Structure formats: structure tokens, C-alpha cells
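# Chains, contacts and geometry: an overview
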Amino acid sequence: MFKKIAAVFLSVMLFAAGTGVLTSYNVNAASSMRIIVNGQELQTVGASAYTDGPDVMLPLRETVEALKYKVTFTGATGTFLLERFQESIQFRLSGQELVLNGKNKVPYTGGFELKQKRAYAPLSFFAAIGLVTSYQSATGQVEVYSPEVMSGAVSGLLAAGNYQALRERYFAKETESLSLPVLQQSWAGIDLPAGSYLGVKSTESTQRDGATTIVSVLSFSKTEAVLTLELDTSGKITKLTLSPVQAVEAAANPVQS
């Protein structure tokens, strides 16, 4: 489970020679395959994404920079350390597992690649560390989102009443239950008694069999609510639910008779 507070700090880093922390760097050339990170197109120099059989390979450094990770590479052991807020991810390019937050070991056998001294990671790596990913082969577009950013984008569109844009942008096409009237009624049922929407307070995400569940606490002027998003393996929403915090707490802690 990955716990994240919805805050953003700028941390753009680059590999320094030998062992050490990556330092600031500007990238400004686009590749033929578009990489979208947290809603923004990633601009790169000499580090285009590419496909390798069933895998989509992304430049590791540029992608994690855009996700606000501080990156340290230890040349002696070939170990990478990604750090962001209170989260850490440690791994080796040739290793068989990821170490999350210094203690949780996650088996991982995805193939990293080195090209011209640059590391590339498969899209499955970013999913394994708790990010929302998708790839549209028809358009050549790859997307990577932090769960808190995904939650913020969805709740922002709900608050603005942009239900059509929300459905077209984020929902799985076969999801019939998430019709526009249902979305509008769901948000109105929370928004009216809760007061003005203020933003995302906190976010947690879990993954199982490639599917992702994102649970966020939303702040309103009078109370809080819980937004739950269920995403399929392509990163599209298949289920959206809104509940008052009190209702969620009551369900989790039923009164004993």
C-alpha cells in the first residue's frame, strides 16, 4: 500500500558522474512516442520511449524526475534509490525485487535495459511501484500518473461539473454504470450537505492482479468524504464511489449489540 499526501515539490535531478545524487538538467526535445506524466507531456533529449516486444520502455531518469523523485545511484553496487516525501524505492537493474520504504520486498523480474549509458524501465515497473499506467498503441501514447494526481484530477472535474470530460478522459468505454446523470447525482449527494469542495486531503492505493484501487479523503468546508476509484489494467476507471467519512467509519466499525 502506498500512502501519499497530495502535495507537489519540484525535484528535477540528473545522473552525476560515478556515485551520487542526480543534479539539475533541462530536457527539451520530444520523441515520436508521447509520454504523459501526471497530465504533462514529457520532453526529452535523446531518450525516446520505444517498444521491445510486448514491453513499452521509458527513460528511467526523465520519467522519475517528472514524478518528483530524488534519485541516487550507487555505482559500486549498481543500486538505485528513489525518494519522494516519505516514500522510498530501492532496486538493482539486474535484481529480482524492489524494496519499498526500506522494508517491504516486492518480487519483480521486469527487464531493464541500458542504451548509451542510459537506463530504460518497462511500463510494468512504474505500475509495480504503485503508479497508474496506460499505453495506447494506436496513438503511441504512454501515460503515468501518481494516484494522488489521478484522484485530484477526477475530483476536480467532478467539482467543476465537467462530467462529460471526466467520462471521456478517464473512464473505461465499457463502463455503462458510470453515466453522466449518475455521476452528477453522486457528487451532488456529497457536495450539497458537505459544503464547498476544498481538495484532496490524503490518498492510498493498492494493486492486485494489475488492477488498482485508489481511496482518497476529500476535504469540504463542513466535513470530509471518501472517493474510491477502481481502475482496470489499462489504467481506466471501472467504478467510482463517493461516501461520507462517517458512513465509511461506521461500516468499518459496526456497533456490537
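The text that follows walks through the structure, step by step, so that each part is easy to find. In this text, all values refer to a predicted model and were calculated from it rather than measured experimentally.

So, about empty space enclosed by the protein. The rolling of a water-molecule-sized probe over the atoms marks out the regions of remaining empty space. Under the definition given, this model contains 2 cavities of 30 Å³ or more. In this structure, the largest cavity encloses a volume near 80 Å³. Among the elements of the structure, strand E14 (132–136), strand E15 (141–145) and helix H4 (163–170) are those that each provide at least two residues to the lining of the largest cavity. Ranked by residues supplied to the lining of the largest cavity, first place goes to E14 with 3 residues. For the lining of the largest cavity, the per-class residue count stands at 4 nonpolar, 4 polar and 3 charged.

Here the focus is the pattern of salt bridges. Scanning the model with the defined rule gives 8 salt bridges in all. One salt-bridge network, in which partners are shared between bridges, spans Arg61, Glu62, Glu65 and Arg118.

The end-to-end C-alpha separation of helix H5 (residues 180–194) is 21 Å, in line with the 21 Å expected for 15 residues at 1.5 Å each. Residues of H5 that are buried in the fold lie against helix H3 (147–160), H4, strand E16 (197–208), strand E17 (211–220), strand E18 (224–231) and strand E19 (237–244). A positive backbone phi angle near 95 degrees is found at Gly195, which sits one or two residues after H5.

The final tally for this structure, using the stated rule, is 13 aromatic pairs. Centroid distance Phe91 to Phe125: 5.0 Å. Interplanar angle 55 degrees. Geometry classified as tilted. Here Phe91 is found in strand E9 (residues 87–92), whereas its partner Phe125 is found in helix H2 (residues 123–128), with 34 residues between them in sequence. With a relative accessible area of 2%, Phe91 lands in the buried category.

A few words on H3. The end-to-end C-alpha separation of H3 is 20 Å, in line with the 20 Å expected for 14 residues at 1.5 Å each. All buried positions along H3 are accounted for by Pro147, Glu148, Met150, Ser151, Val154, Ser155, Leu157 and Leu158. Phi turns positive one or two residues past the end of H3, at Gly161, with a value near 75 degrees.

For the rest of this paragraph, the subject is the nonpolar core. Within the largest apolar cluster, 29 residues are counted, with the highest numbers of intra-cluster contacts made by Leu58, Leu60, Tyr69, Leu82, Phe91, Phe125 and Phe126. Ranked by the residues each element gives to this core, the list is headed by H2, at 3 residues. When sequence neighbours within four positions are dropped, the list of residues in contact with Leu60 reads Phe80, Phe91, Ala119, Tyr120, Ala121, Phe125 and Phe126. By size, the runner-up hydrophobic cluster in this structure holds 26 residues, among which are Val154, Tyr170, Leu227 and Leu242.

Let's shift gears to the pairing of E15. Counting buried positions over the 5 residues of E15 gives 5, a clear majority of the element. Residues Gln141, Glu143 and Tyr145 point to one face of E15 and Val142 and Val144 to the other, with burial holding for every one of them. Pairing between strand E3 (residues 34–37) and E15: 4 bridges, direction parallel. Note that in E15 the partner of Ile35 across the bridge is Val142. Across 5 bridges, E14 lies against E15 in antiparallel orientation. Across the sheet, the residue bridging to Thr133 is Val144, located in E15. The turn joining E14 and E15, which pair antiparallel and follow one another in sequence, is formed by 4 residues; a positive phi near 65 degrees is taken by Gly140.

Glancing now at the sheet that holds strand E12 (residues 113–115). In a beta sheet, neighbouring strands are held together by backbone hydrogen bonds and run either parallel or antiparallel to one another. Read across the sheet, 4 strands follow the order E5-E6-E13-E12 without closing on themselves; strand pairing throughout is antiparallel. Two strands lie at the open edges of the sheet, namely strand E5 (50–52) and E12, each paired on one side alone. Across the sheet, the axes of successive neighbouring strands diverge by a mean angle of 40 degrees, strand direction being ignored. One ladder, built from 3 bridges, connects E5 with strand E6 (residues 55–59); its direction is antiparallel. Paired with Thr51 across the two strands is Val56, which belongs to E6.

Taken in spatial order, the 4 strands line up as E4-E3-E15-E14 in an open sheet, and their pairing is mixed. The open sheet is flanked by strand E4 (40–41) and E14, the only strands paired with a single partner.

Among the secondary structure elements, Ala165 is positioned in helix H4. The class for Ala165 is partly exposed, based on a relative accessible area of 36%. Between the C-alpha atoms of Ala165 and Val154, which are 11 residues apart in sequence, the distance is 9.9 Å.

What counts, and where the lines are drawn
- Residues numbered from 1 in each chain as written.
- Predicted model: local features only at pLDDT ≥ 70, side-chain atom pairs only at ≥ 80, totals over all residues.
- Heavy atoms only, no water.
- 1 Å grid on protein atoms, 1.4 Å probe; cavity = no way out; pocket = protein on both sides within 12 Å on 5 of 7 lines; lining within 4 Å.
- Points joined across faces, edges and corners; volume = space filled by probe spheres on them.
- Helix = DSSP H or I, 4+ residues; strand = E, 2+ residues; numbered from the N terminus.
- Nonpolar A, V, L, I, M, F, W, Y, C, P; charged D, E, K, R; others polar.
- Salt bridge = Lys/Arg side-chain N within 4 Å of Asp/Glu carboxyl O.
- Expected span 1.5 Å × (residues − 1).
- Contact = heavy atoms within 4.5 Å.
- Phe/Tyr/Trp six-rings, centres within 6.5 Å; stacked < 30°, edge-to-face > 60°.
- Buried < 20%, exposed > 50% of the residue type's maximum accessible area, 1.4 Å probe, protein only.
- Core = buried A, V, L, I, M, F, W, Y, C linked by side-chain atoms within 4.5 Å.
- Pairing = 2+ DSSP bridges.
- Axes fitted to C-alpha atoms, helices over the stretch in contact; angles between N-to-C directions.

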